[in-house]
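# Examining the three-dimensional arrangement
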Amino acid sequence: MKKIMLNQYGDVDVMKMVEVDLPKPAANQIVVKTAAIGVNDPDVVIRANGPFPTMPKE
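Okay, so let's go over this structure. (Residues numbered from 1 in each chain as written. Predicted model: local features only at pLDDT ≥ 70, side-chain atom pairs only at ≥ 80, totals over all residues. Heavy atoms only, no water.)

### A word on the overall build of the protein chain
Note the threshold: Each helix corresponds to a stretch of at least 4 residues labelled H or I by DSSP, and each strand to a stretch of at least 2 residues labelled E; elements are numbered beginning at the N terminus. For the radius of gyration, the atoms used are the C-alpha atoms, and the globule rule reads 2.2 Å times the number of residues raised to 0.38. Using a 1.4 Å probe on the protein chains alone, a residue whose accessible area is under 20% of its type maximum counts as buried, one over 50% counts as exposed, and one in between counts as partly exposed.
The number of helices and strands found in the protein chain is one helix and two strands. When the helices and strands of the protein chain are listed from N to C terminus, the series reads β-β-α. Its C-alpha atoms give the protein chain a radius of gyration of 14 Å, clearly above 10 Å, the size a compact globule of 58 residues would have. Along the first, second and third principal axes, the C-alpha set of the protein chain runs to 35 × 25 × 20 Å. Expressed as a percentage of the 58 residues in the protein chain, the buried residues total 7%.

Here it is in structure tokens:
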């Protein structure tokens, strides 16, 4: 499957499309095929500048 990866924060050129193996779900999990995703303003700000100071760690 294709995946967008970021190894650092910065401009749009830090985003790289890579091919990875499909994940193997555990017994109590499923894999959902995604046809489209949404990106909003906070996603763009975090990609450019890093996480907000008030963001939860996980």
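### Considering a nonpolar patch on the surface
Using the following cut-off: Put simply, a patch holds well-exposed residues, over 30% relative accessible area, that have no salt bridge, with like charges counted together within 9 Å and Val, Leu, Ile, Met, Phe, Trp or Tyr side chains within 5 Å. Methods summary: accessible areas were calculated by the Shrake-Rupley approach with a probe of 1.4 Å, and residue burial reflects only the protein chains presented. Salt bridge, as applied in this entry: a Lys or Arg side-chain nitrogen positioned within 4 Å of an Asp or Glu carboxyl oxygen.
A contiguous nonpolar surface patch, about 470 Å² in accessible area, is contributed by I4, L6, V12, M15 and M17. If you list the elements that add at least two residues to the nonpolar patch, you get β1 (2-6) and β2 (15-19). With a relative accessible area of 48%, V12 lands in the partly exposed category.

### Some remarks on the environment of N40
With respect to the helices and strands, the residue N40 is situated in the loop between β2 and α1 (41-49). Take N40: its relative accessible area is 42%, and that puts it in the partly exposed class. Expressed as a C-alpha distance, the spacing of N40 and V20, which sit 20 residues apart in the sequence, is 25 Å.

### Concerning the environment of A26
In this fold, A26 is placed in the loop between β2 and α1. Relative accessible area serves as the criterion here: at 37%, A26 is assigned to the partly exposed category. For the pair A26 and M1, spaced 25 residues apart in the sequence, the C-alpha separation amounts to 18 Å.

### Some points on the side chain of R47
Short version of the rule: The positive count covers Lys and Arg only, the negative count covers Asp and Glu only, and His and the chain ends enter neither. The definition of a polar contact used here is a pair of N or O atoms within 3.5 Å, where within protein one atom must be able to donate a hydrogen and the other to accept one, and adjacent residues in sequence count solely through side-chain atom pairs.
With respect to the helices, strands and loops of the structure, R47 is situated in helix α1. Buried R47, no salt bridge; nearest opposite-charge side chain is D11, N-O distance 4.2 Å. Polar side-chain contacts of R47 include one of 2.6 Å to the backbone oxygen of G10.

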